[in-house]
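# Analysis of the macromolecular model
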Amino acid sequence: MQDWRTDPTFAMCRKVADGADLALFSGGPFDVRAVVARVLSEPRQSLDLDAVPWGNFPRGHDAREAVRLVRADGEAGVDATGVLWSLCADDSRAAAALAVPFLIPLAIDTGHPYRAAALAVLSGPARARHHGVASREEMLLHRNDPRRDAPDTHDDYGYEVTGYPAGWAVAAARAAITSDASALLPLLGDSDPAVRVDAAYVLATAADPDHIIRTALHDGFATEGDAMVRAALLLATAEIARAQPHPPTVTWLRERWHDRTEAPEARLAAAVGWLCLTDQPAPEELRRTVEALADVERAHVMEALPWMHAASGTNEPGLLRCRRCMLHPEEPDPEVAFWDSLF
């Protein structure tokens, strides 16, 4: 594996760390937002891998090879998306963000053998600092909005492990998803429930100034029969409403967790979403609902929802972590206890 410190972009990161103004590099060859914008100006089906400066970004060549393998749809493509997952897990999202425009055509191609894998990895670089996050203050929170943030800032995402501005990678990935949102929306009606879940997870990261995505999620919920997909649509709606406040959504989510005829998974998702969208004290009825429905068995089942999987911690499924952090913040964190026990 190539040492990331030999990548050309490391020189920029080092200069910024030494006090250089990040704005000096905005729009340049090491600004992944600018590179993705150029890629988005080309027809998606004919995107040229070799026309993109992958080498300008940490582990860019690894990301390029992963995209090439997935595109080729051969046996080697089975594990290729795992490389992109690892980049995000290692807090090195810039190259993964650059891969997003190439993955979207694969995700919407019903004949491609790795469409589900491509879709599942799409929004990895569009979210940062969310793994293990399950508090009302932090969960579902978008810190960076490419429509509003100044082009020379990276909001409060800070820097990746390589020194690259994390907000630039997040903004680039979200811009790519936003640009192709209309092509991704039909996946909410896919025959595979897992695809519908992942499509909701991806679309929740897009800018939605005209409320088209929010409307599609709401309409999809009205006809959706799968409990887990219903839960996903609620969480996606809450995530969009957190980025773009919409009081009727808060009311709608309250109605959903209050509805005893609703599937338990959906009621729990609505409760989590409602808690993230308001600073009101949790009503006693909500507490009773969550305590009654959020058992260990259901928590493990709901790990299939990417929001819950991301919120999980060591020996604590995401749903139970949300319950503890949102309703019982005074309780000790088992993950902290686990790591403390190792030292």
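Cut-off values and rules
- Residues numbered from 1 in each chain as written.
- Predicted model: local features only at pLDDT ≥ 70, side-chain atom pairs only at ≥ 80, totals over all residues.
- Heavy atoms only, no water.
- Buried < 20%, exposed > 50% of the residue type's maximum accessible area, 1.4 Å probe, protein only.
- Helix = DSSP H or I, 4+ residues; strand = E, 2+ residues; numbered from the N terminus.
- Contact = heavy atoms within 4.5 Å.
- Salt bridge = Lys/Arg side-chain N within 4 Å of Asp/Glu carboxyl O.
- Arc of directions from axis to C-beta.
- Phe/Tyr/Trp six-rings, centres within 6.5 Å; stacked < 30°, edge-to-face > 60°.
- Lys NZ or Arg CZ within 6 Å of the ring centre and 35° of its normal.

### Points about helix H9 (residues 193–203)
With nine of 11 residues buried, H9 lies mostly within the body of the structure. Where H9 is concerned, the buried positions are Val 195, Arg 196, Val 197, Asp 198, Ala 199, Ala 200, Tyr 201, Val 202 and Leu 203. On its buried face, H9 sits against helix H6 (115–122), helix H7 (166–179), helix H8 (181–184), helix H10 (212–223), helix H11 (227–243) and helix H16 (306–311).

### What to know about the pattern of salt bridges
This model, assessed by the stated rule, comprises 17 salt bridges. Look at the salt bridges and you will find they share partners, linking Glu 316, Arg 321, Arg 324 and Asp 333 into a network.

### Section: helix H1 (residues 9–17)
Taken residue by residue, H1 has Thr 9, Phe 10, Met 12, Cys 13 and Val 16 as its buried positions. The arc that holds every buried residue of H1, seen down its axis, measures 155 degrees, which confines them to one face. Looking at the buried positions of H1, the neighbouring elements they touch are H7. Downstream of H1 by one or two residues, Gly 19 has phi in the positive range, about 115 degrees.

### Notes on the packing of aromatic side chains
Applying the stated rule across the entire model yields six aromatic pairs. Here the aromatic rings of Trp 54 and Phe 102 are separated by 5.6 Å at their centres, their planes lie at 40 degrees, and the arrangement is tilted. Here Trp 54, found in the loop between helix H2 (32–40) and helix H3 (60–72), pairs with Phe 102, found in helix H5 (residues 94–107); they are 48 residues apart in sequence, far enough to count as distant. Phe 102 matches Trp 54 in its accessibility class, with the two residues each being buried. Judged by centre distance (6.0 Å) and plane angle (80 degrees), the ring pair of Tyr 164 and Trp 168 falls under edge-to-face. Under the relative-accessibility criterion, Tyr 164 is labelled buried at 0%. Taken together, the ring pairs connect Phe 57, Tyr 164 and Trp 168 into an aromatic cluster. Its guanidinium or amino end placed over the ring of Tyr 201, Arg 127 lies 3.5 Å from that ring's centre, counting from NZ or CZ.

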